[in-house]
Structure formats: structure tokens, C-alpha cells
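Residues per chain are reported as follows:
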Amino acid sequence: MSALTWLNAEAFTVFGQKVIWSDMIGNLMGLAALALGWRRSLWTWPAQLLSGLILIAAYASAHLAGGVGKQLLVIAVAVFGWRAWQRGRQQAQDGSIAVRTATWKERALLLAGAALGTLAVGGLFTLFPHLSWSPWADAYIFVGTIVAMVAQARGLVEFWFAWLLVDLVGVPLAFNNGLAFSGLVYVVYFALVLWGAYDWYQRSRTNPAQALEGATA
């Protein structure tokens, strides 16, 4: 049995939903990446990269080309985030990752990028139906994930809320496409997002000057 065949094999069944290995392992790695992000650990990015690699198999098994494309971009942004946090840590006096709240201009740019990106990707998925069973939901998740990760790479508190908005659509879509484990981890994701958002917000208020310096590095 090849590694890919094993990853797409059934691990167990819960509530009548089959859970495949790639869906389970990829999402557990995603949870680990989120927890490491909350701790501002540089290892959040390798965890994101590994999660993306494994989830490619899960989305491919569900014939969700949009999900596969999203994970490829996740891998690319994970490399960008690793480099950005390395630079920020090298420039910080205490070697930590500085975090801050976004400016209104940055929030506007993130929202505009999310809206325009969703329209562009959703239009592409609509023109080529074989790329996605749910063009607009897939496009929303596709673009929202990238926006969240870019905000995380910049050390912006708002990245936590971007993840939450992505999950609100991603979880029902995962259940509908047979990726049950993606839906079952939602409660844990939600708790981590709230906890992480609170922690990052408190840290951004502790030393805003340092946070701004780290974000502009």
C-alpha cells in the first residue's frame, strides 16, 4: 500500500461519518500550528506547511480542486511567514515575535483583498465547474485562508478573526463533502481562536512601539 493510498483510507467512523487518515492528521497538524501561533513560536510555519501537504491528499480524495489549490498557497505562505517571523525575531531585542492590531488602512486592504480575491476565484471556479463543487464557498475559504495567514505573518491580531470567519463556512462544507474530522475539530479551533485573539491583543497593548517595529520589519 502506497503512502497516498493509506492517507486516503478510512481511519474510523463517527456519527455515521467516515474519517480518513489525511483529513484527521492534516487537521491535527493545523490545530498544532494554531496553538504554536498563539505561543508566537516560529514552528507554527513548518506545522502549517506539513498540514498543507497532508490535506492536499484529503481534498484530492473529495475531488475538491479548490481545496487542493488552497493548500498549495498555504504552503507558499507558510514559507513567507517563516521568513517574516525570522526577520522580526532577529530585530527584536528579546528575540520574541512582536504582535499588534492592524491600522484602519491595513484592515481596509485586507477586506478589499478578501472581497476582490473571492470574486476573482469564485468567477474562475464558476467558469470551470470541475475545479469545485461549491464555487463561491470554496473561493471564500481559499482567499480567506490566505488573508488570515498573511495577517499572521505580519503579526496582526486580526488574523485570529479571519480564521474564525473562514471556519464558519469551511466546517459545513467539510461535512457536506465527507471530511468529517475537519468539522469535528471546529470546537477546538473556536476555543483556540478566542484564546489566541485575547492573548495577542493583550500583548499588543503591552508594548505597542515594539509591536509596530516588528511588524514593519
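Residues numbered from 1 in each chain as written. Predicted model: local features only at pLDDT ≥ 70, side-chain atom pairs only at ≥ 80, totals over all residues. Heavy atoms only, no water.

Novice: It is not clear to me how the confidence of the model for the chain should be interpreted in this structure. Could you clarify?
Specialist: Low pLDDT marks regions whose predicted coordinates should not be analysed in detail. The predicted model of the chain averages 81 in pLDDT, with 81% of residues at 70 or higher. Looking across the chain, the model is least confident in helix α10 (residues 208-215), with a mean pLDDT of 45, and most confident in helix α5 (residues 104-127), with 94. In the predicted structure, residues 209-217 sits below a pLDDT of 50 and forms 16 contacts with residues beyond four places in sequence or in another chain. (pLDDT = per-residue confidence, 0-100. Helix = DSSP H or I, 4+ residues; strand = E, 2+ residues; numbered from the N terminus. Contact = heavy atoms within 4.5 Å.)

Novice: When you look at the layout of surface pockets in this model, what are you seeing that I'm missing?
Specialist: Picture a little ball the size of a water molecule; that probe, rolled over the atoms, points out where space is still empty. In this structure, the largest pocket encloses a volume near 390 Å³. Around the largest pocket, the lining comprises 17 residues; the ones closest to its centre are L111, A114, V147, A162 and L165. Contributing elements (two or more residues each) for the lining of the largest pocket: α5, α6 (135-153) and α7 (159-176). In terms of residues, the lining of the largest pocket owes the most to one element, α5, which gives six residues. Looking at the lining of the largest pocket residue by residue, the classes come out as 13 nonpolar, two polar and two charged. (1 Å grid on protein atoms, 1.4 Å probe; cavity = no way out; pocket = protein on both sides within 12 Å on 5 of 7 lines; lining within 4 Å. Points joined across faces, edges and corners; volume = space filled by probe spheres on them. Nonpolar A, V, L, I, M, F, W, Y, C, P; charged D, E, K, R; others polar.)

Novice: How should the pattern of salt bridges be read in this particular structure?
Specialist: Side-chain pairs of opposite charge can arise whenever the charged atoms involved come near each other. Counted according to the given criterion, the structure contains three salt bridges. Residues R203 and D199 are paired through a salt bridge, measuring 3.0 Å at the closest nitrogen-oxygen approach. Of the two residues, R203 and D199 both sit in helix α9 (residues 186-206), four residues apart, roughly one turn of that helix. Among the residues examined, R203 registers a relative accessible area of 35% and is labelled partly exposed. Given the relative accessible area of 18%, D199 is considered buried. (Salt bridge = Lys/Arg side-chain N within 4 Å of Asp/Glu carboxyl O. Buried < 20%, exposed > 50% of the residue type's maximum accessible area, 1.4 Å probe, protein only.)

Novice: Whenever I open this one, the packing of aromatic side chains confuses me. Can you help?
Specialist: Aromatic ring pairs are reported here in terms of the distance separating the ring centres and the angle at which the planes meet. Enumeration over the complete set of coordinates arrives at eight aromatic pairs. Seen in terms of ring centroids, W38 and W195 are 4.5 Å apart; in terms of plane orientation they differ by 40 degrees. Their pairing is tilted. With W38 in helix α2 (residues 21-38) and W195 in helix α9, this residue pair connects regions lying 157 residues apart in the sequence. Its relative accessible area of 16% is what places W38 among the buried residues. Between W160 and W200, the aromatic rings sit 5.7 Å apart at their centres with planes inclined by 90 degrees, giving edge-to-face as the arrangement. Here W160 is found in helix α7, whereas its partner W200 is found in helix α9, with 40 residues between them in sequence. There is no split in this pair, since W160 and W200 are both buried. By the ring-pair criterion, three or more aromatic residues cluster together here, those being W45, W85, F159, W160 and W200. Its end group placed over the ring of W38, R39 keeps NZ or CZ at 5.4 Å from the ring centre. (Phe/Tyr/Trp six-rings, centres within 6.5 Å; stacked < 30°, edge-to-face > 60°. Lys NZ or Arg CZ within 6 Å of the ring centre and 35° of its normal.)

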